[in-house]
Amino acid sequence: MNNSVKEKIVILKKEEILADFRLAHLSRNLSIIGRREVLSGRAKFGIFGDGKEIIQLALAKQFREGDWRSGYYRDQTWMMAMGLYDSLQFFHQLYGNTDREINPGSGGRVFNNHFSTPNINKDGSWLDLTRQKNSSSDISPTAGQMPRLLGLAYASKLFRQNTDLHKFTTLSVKGNEVAFGSIGDASTSEGHFWETINAAGVLQVPMAISVYDDGYGISVPKKYQTTKGSISEILKGFESEPGKPGFRILKGKGWDYPGLVRLYEEGIEICRRDHVPVLFHIEEVTQPLGHSTSGSHERYKSEERLKWESEYDPISKMREWILSQHLATAEELDTIAAEADEEARQSRKKGWEMFQNPIKVERDALAKIINDRKCRCAEESKEAAVDNITDDLLKVASPIRKDNFIAARKILRNVCKSCEKSENLKEELQGWLKRNYDDASFSYDAFLYNETATSVLNVKPVPPVYSPGSPEVPGRQILRDNYEKLFTRYPLLVTFGEDTGNIGGVNQSLEGLQKKFGELRITDTGIREATILGQGIGLALRGMRPIAEIQYLDYLMYALQLLSDDLATTHYRTAGRMVAPLIISTRGHRLEGIWHSGSPMSMLINSVRGVYICSPRDMTRAAGFYNTLLEGNDPAVVIEPLNGYRLKEKMPDNLGEFKIPLGVPEIISSGIDITLVTYGSTVRIAAEAVKQLAMHDISVELIDVQTLVPFDRNGIILESLKKTNRILFLDEDVPGGTTAYMMQEVLEKQGGWQYLDSQPKTLTGKEHRPAYTTDGDYFSKPSAEDIFDAIYGMMKESVPGRF
Ligand SMILES: Cc1ncc(C[n+]2csc(CCOP(=O)(O)OP(=O)(O)O)c2C)c(N)n1
Ligand SMILES: [Mg+2]
């Protein structure tokens with residue numbers, strides 16, 4: 001140990017050391033009590049930070065206001081040491097308390113030890129992120145925190161190196177913020193870890209990642225996880241060398257309090273100052289309570305290992321060290337530990353009461369309605385049922401809301417129809433149900449999308465404007481010239497992806513813009529879709545306006561897991577306290593061959609609810625969506641139609657200003673015989689078919705839905721169906737895919753079934769992906785002839801005399 005640091009700790013920070021000792025004890029006790037709460041049935045599941053306490057005390061000392069965390073479920077001590085979490089909140093999380101005022105990280109939406117801090121106020125405006133310690137919102141999939149961590153760190157690089165951003169003083173102080181990450185040893189086996197490490201080395205960002213190496217991933221030991229059994233050993237090739245920037249790799253021991261304090265002080269200073277990524281490999285870490293409440297580690301750890309873990313328990317080791325340094329007596333430490341234990345016990349009691357009381361109030365209000373009822377039903381069996389259900393409910397010792405609702409709904413079924421007075425009871429019960437359902441809906445359903453004034457759904461539409469001389473240009477030029485306006489208007493806007501920078505995109509939609517706006521704004525990346533997405537998420541959380549480019553829709557699958565698990569749930573899982581307004585720009589639908597012609601839209605819409613899905617039919621519409629999205633704070637995917645870059649469109653006069661609203665279909669051609677509903681590239685093919693059908697006296701109303709999520713917010717398709725009474729849903733997805741989704745929206749949700757005179761139909765791509773060449777496309781995806789035949793057939797069936 002370095003003497004000066006030792007002295008600094010011993011002489012300057014005695015109180016701090018003892019406070020750390022107290023916190024370590026408190027945290028450990030919370031873990032112990034938390035586990036008990038699950039085993040006794042009061043809480044559902046628990047995963048805790050035992051064994052990792054000391055590392056996190058050292059980590060927290062280096063974490064400043066403005067810094068960011070992207071970690072995992074072991075970080076309770078760290079969060080407490082930063083003042084972002086306390087013993088009472090520990091129990092709110094454990095019981096799943098849905099009150100977001102007292103359980104602010106998630107409002108009970110994720111299980112315990114998944115943390116977050118808000119980045120917006122309740123009105124949707126941005127918080128001053130430089131005046132708070134920030135934690136992004138944790139997710140359970142192992143290593144899922146890594147790609148986002150890259151983005152959080154990358155933001156610092158942009159805020160430092162792009163001096164135009166220095167004025168955004170509530171987002172960053174010239175990029176001096178470190179992005180801290182944590183991960184377990186076993187999770188370093190995941191692809192996300194490696195992709196992130198490589199990208200961080202390439203980008204040279206202030207990312208400080210700690211690997212807590214406790215030797216196991218649940219029951220599976222390191223020898224099955226990591227080559228040579230050591231992550232720092234195999235990462236050696238990533239280490240910086242003179243003239244070859246890479247990583248700084250530091251090693252520490254999970255029980256060595258003074259050593260860890262010094263290690264983090266040294267490592268974070270370099271990381272912050274030089275923007276070098278640093279990896280802390282913390283070995284000799286224990287897990288005294290086992291992985292989680294779902295099992296016990298005695299089943300898979302050897303006697304020797306268990307013995308070693310008990311000897312090297314970090315809190316015992318810290319205690320030994322404090323005593324050896326004569327910083328406190330054994331009695332003093334016992335008193336501190338006892339105090340911490342008492343706090344944990346009191347918090348459990350209080351947390352449980354705070355969880356149970358509102359449920360009991362809700363239950364008692366129900367019981368009062370029943371007990372005060374005036375009517376007594378003549379049907380004795382019903383009368384008895386009402387009483388029995390109520391009695392049973394009151395007997396439940398630790399009720400949850402579900403118990404209350406089951407009882408209320410069953411009682412309602414037994415309210416006698418014949419008894420006039422019973423109407424009162426019925427009304428009162430229905431009132432109780434409505435009130436509490438509204439409340440439950442806020443607790444469990446709200447905030448899938450931004451509901452504040454900054455929702456993109458509030459952005460005022462502006463149509464594209466044309467003048468007589470407006471030229472016809474290839475679609476890509478509209479995107480390019482529109483981007484030019486956007487990059488001028490929004491200094492926080494950046495875009496990055498494969499081939500995005502130097503050549504201006506594979507389809508030249510950013511041609512020449514890197515030269516004009518610089519490499520920090522229009523940037524090439526490696527081939528790494530998952531971390532391109534993570535880079536975007538991290539930037540968006542920090543208040544930047546990223547457009548992450550995924551080169552082709554088919555390759556979005558590499559990023560789909562994070563799109564679904566992380567981005568799509570960010571707002572929801574933070575109970576509306578965090579936004580990540582990331583725009584993902586990709587291109588899809590028709591081209592040639594299995595991996596470039598895909599249109600897996602149902603895969604997308606079904607896995608990323610929480611992210612808007614725009615499917616423009618041309619580049620004017622695509623540009624219009626970017627213009628709209630940049631005015632709001634929601635994440636969205638925009639799928640540019642791959643075959644549209646060279647097709648000519650009229651250049652709007654008001655580039656950068658026209659805004660296409662989300663969820664508002666456009667009627668492309670009006671007609672009276674049948675409604676044809678589609679989106680994206682098939683709009684053009686459908687328009688061709690509509691012309692051909694007109695020559696055979698069939699009048700088709702062609703509707704482009706424009707965005708799949710949200711879908712037709714004003715019921716435009718329903719109005720069309722009321723007129724035509726026939727409908728065909730068309731796309732390039734698989735049978736039963738997005739056409740089935742659109743059909744459900746129109747027939748079931750909008751109530752369109754009432755207006756049908758013919759069987760509603762779908763026309764889709766085949767189940768397989770199209771074979772290579774134009775003929776592959778023709779025989780696998782709907783053509784104008786297929787559409788013609790489908791509609792002609794429907795018309796003939798319903799009006800045989802006419803055809
Ligand atoms: C993608 C994914 N696969 C599997 C799991 C189940 N799982 C949860 S924790 C865990 C082990 C993680 O071990 P490690 O990274 O060493 O962290 P530790 O729990 O030991 O701190 C596993 C396999 C998961 N959450 N996510
Ligand atoms: Mg582990």
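Before any of the text, the structure's been laid out above.
What you see is a predicted model, and the numbers here were worked out from it, not measured in a lab.

1. Details of the overall build of the protein chain
Helix and strand counts for the protein chain come out as 27 helices and 22 strands. For 803 residues, the compact-globule estimate of 2.2 N^0.38 gives 28 Å, and the protein chain sits close to it at 30 Å. The burial tally for the protein chain puts 60% of its 803 residues in the buried class. In the protein chain, once contacts between residues fewer than 6 apart in sequence are set aside, the share between residues at least 24 apart is 80%.

2. Description of the site of ligand 1
Of all residues adjacent to ligand 1, which total 16 residues, the nearest are Tyr72, Tyr73, Arg74, Asp185 and Ser187. At 3.1 Å from a nitrogen atom of ligand 1 is found a main-chain nitrogen or oxygen belonging to serine 140. Residue aspartate 185 places a side-chain N or O atom 2.7 Å away from an oxygen atom belonging to ligand 1. Calculation on ligand 1 without its partners gives an accessible area of 580 Å², and the protein chains cover 71% of this total.

3. Considerations on the sheet that holds strand 15 (residues 636-641)
The strand order across the open sheet built from seven strands is 11-10-12-13-15-14-20, with neighbouring strands paired in mixed fashion. Strands at the two margins of the open sheet, each flanked by one partner only, are strand 11 (522-524) and strand 20 (707-709). On average, each strand axis in the sheet is tilted by 20° relative to the strand beside it, whichever way the strands run. In terms of strand pairing, strand 12 (residues 545-550) meets strand 13 (residues 583-588) through four bridges, oriented parallel. Counterpart to glutamate 549 in the pairing with strand 13 is serine 585.

4. Overview of helix 12 (residues 330-371)
Given a rise of 1.5 Å per residue, 42 residues ought to cover 62 Å, and the 59 Å separating the end C-alpha atoms of helix 12 matches this to within 8%. Residue glutamine 356 marks the point of greatest curvature in helix 12, where the axis turns by about 25°; the proline proline 358 follows within four residues.

5. So, the side chain of arginine 69
Assignment of secondary structure puts arginine 69 in strand 1 (residues 68-70). A distance of 2.8 Å separates a polar atom in the side chain of arginine 69 from a polar atom in the side chain of aspartate 138. Once residues within four sequence positions are removed from consideration, arginine 69 is found in contact with Phe63, Asp75, Trp78, Met79, Met82, Phe115, Asn134, Ser135, Ser136, Asp138, Leu152 and Phe180.

6. Concerning the sheet that holds strand 3 (residues 179-184)
An order of 2-1-3-4-8-7 is seen for the six strands of this open sheet, with the pairing classed as parallel. Strands with a single pairing partner mark the edges of an open sheet, and in this sheet they are strand 2 (134-135) and strand 7 (248-253). Bridge count between strand 1 and strand 2: two bridges; the pairing is parallel. The residue bridging tryptophan 68 from the neighbouring strand is asparagine 134, located in strand 2.

7. Remarks on helix 2 (residues 14-39)
Taking 1.5 Å of rise per residue, 26 residues should cover 38 Å, and helix 2 covers 38 Å from first to last C-alpha, within 8% of that figure. One or two steps after helix 2, the chain reaches glycine 41, where phi turns positive at roughly 95°.

8. Re the packing of helix 6 (residues 145-161) against helix 7 (residues 191-203)
Look at helix 6 against helix 7: their axes get within 9 Å of each other, and the N-to-C directions meet at 15°. As summarised for this structure, helix 6 and helix 7 are arranged roughly parallel, according to the angle between their axes. Between helix 6 and helix 7 the crossing geometry is right-handed. Touching Met146, Pro147, Leu150, Tyr154 and Lys157 of helix 6 are His192, Phe193, Thr196, Ile197, Ala199, Ala200 and Leu203, all from helix 7.

9. Brief notes about the coordination of the magnesium ion (ligand 2)
Protein coordination of the magnesium ion (ligand 2) is provided by Asp185 (OD), Asp214 (OD) and Tyr216 (O), with donor distances spanning 2.0 to 2.1 Å. Mapped onto the sequence, the residues coordinating the magnesium ion (ligand 2) show the spacing D-x28-D-x1-Y. Placement of aspartate 185 in the loop between strand 3 and helix 7 and of aspartate 214 in the loop between strand 4 (207-212) and strand 5 (216-217) is noted, with a sequence separation of 29 residues between them. Like aspartate 214, aspartate 185 is buried.

10. A short note on unusual backbone geometry
In the segment running from valine 709 into proline 710, the intervening peptide bond is cis, with an omega of 0°. At histidine 275, a position not held by glycine, the phi torsion is positive, near 55°. Here histidine 275 lies in the loop between helix 9 (257-274) and strand 8 (278-283). Within the chain, alanine 575 stands out as a residue other than glycine whose phi angle is a positive 50°. Its location among the elements puts alanine 575 in the loop between helix 20 (570-573) and strand 13. What makes alanine 575 buried here is its relative accessible area of 4%.

11. A closer look at the pattern of salt bridges
Overall, the coordinates contain 54 salt bridges when judged by the stated rule. Of the charged contacts in the structure, one is a salt bridge between aspartate 313 and arginine 28, with a shortest N-O distance of 2.8 Å. Separated by 285 residues along the polypeptide, aspartate 313 in the loop between helix 10 (303-311) and helix 11 (314-324) and arginine 28 in helix 2 bring together distant segments of the chain. Considered together, aspartate 313 and arginine 28 belong to a single accessibility category, that of buried residues. Among the salt bridges present, the one from lysine 722 reaches glutamate 719, with a minimum N-O distance of 3.0 Å. Highlighted residues: lysine 722 and glutamate 719, both in helix 24 (residues 716-724), separated by three residues, approximately one helical turn.

Cut-off values and rules
- Residue indices follow the written sequence of each chain, beginning from 1 at its first position.
- Working convention: letters from A go to chains and numbers from 1 go to ligands, in the order in which they are written.
- A pLDDT threshold of at least 70 governs which residues receive local features in this predicted model, and a stricter bar of 80 or more applies before side-chain atom pairs are shown or counted, although totals over entire chains, interfaces and linings include all residues.
- Hydrogens and waters are ignored; side-chain quantities use all the structure's heavy atoms.
- Only runs of H or I of at least four residues qualify as helices and only runs of E of at least two qualify as strands under DSSP, and these elements are numbered from the N terminus.
- To get the radius of gyration, use the C-alpha atoms; to get the globule rule, take the number of residues to the power 0.38 and multiply by 2.2 Å.
- Each residue gets one of three labels from its accessible area relative to the maximum for its type: buried under 20%, exposed over 50%, partly exposed in between, using a 1.4 Å probe on protein chains only.
- Two residues form a contact once any of their heavy atoms are found within 4.5 Å.
- Note on definitions. A residue lies near a molecule or strand when any single heavy atom of the residue is within 4 Å of it.
- Think of a polar contact as two N or O atoms within 3.5 Å of one another; within protein, one of them needs to be a possible hydrogen donor and the other a possible acceptor, and neighboring residues in sequence only count if both atoms come from side chains.
- For accessible areas, the Shrake-Rupley method is used with a probe of radius 1.4 Å. Any residue's cover is judged against the shown protein chains and nothing else.
- Two strands make a pair as long as DSSP finds a minimum of two bridges between them.
- Orientation is described by axes fitted as lines to C-alpha atoms, over the contacting stretch for helices, and by angles from 0 to 180 degrees between their N-to-C directions.
- Expected helix span is taken as 1.5 Å per residue step, with the number of steps being one fewer than the number of residues.
- Here the bend at a residue is taken as the angle between two axes, fitted respectively to the seven residues that end there and the seven that start there.
- Throughout this description, any angle smaller than 35 degrees is read as roughly parallel, any larger than 145 degrees as roughly antiparallel, any in the 65 to 115 degree range as roughly perpendicular, and the remainder as oblique.
- In this scheme the crossing of two helices becomes right-handed for a clockwise turn of the near helix relative to the far one and left-handed for an anticlockwise turn of less than a right angle.
- With water excluded from the atoms, a metal site may look incomplete; its donors are any N, O or S atoms within 2.8 Å, or within 3.2 Å for Na, K and Ca.
- Salt bridge, as applied in this entry: a Lys or Arg side-chain nitrogen positioned within 4 Å of an Asp or Glu carboxyl oxygen.

Everything listed here is a matter of coordinates, which is why it stays silent on function.
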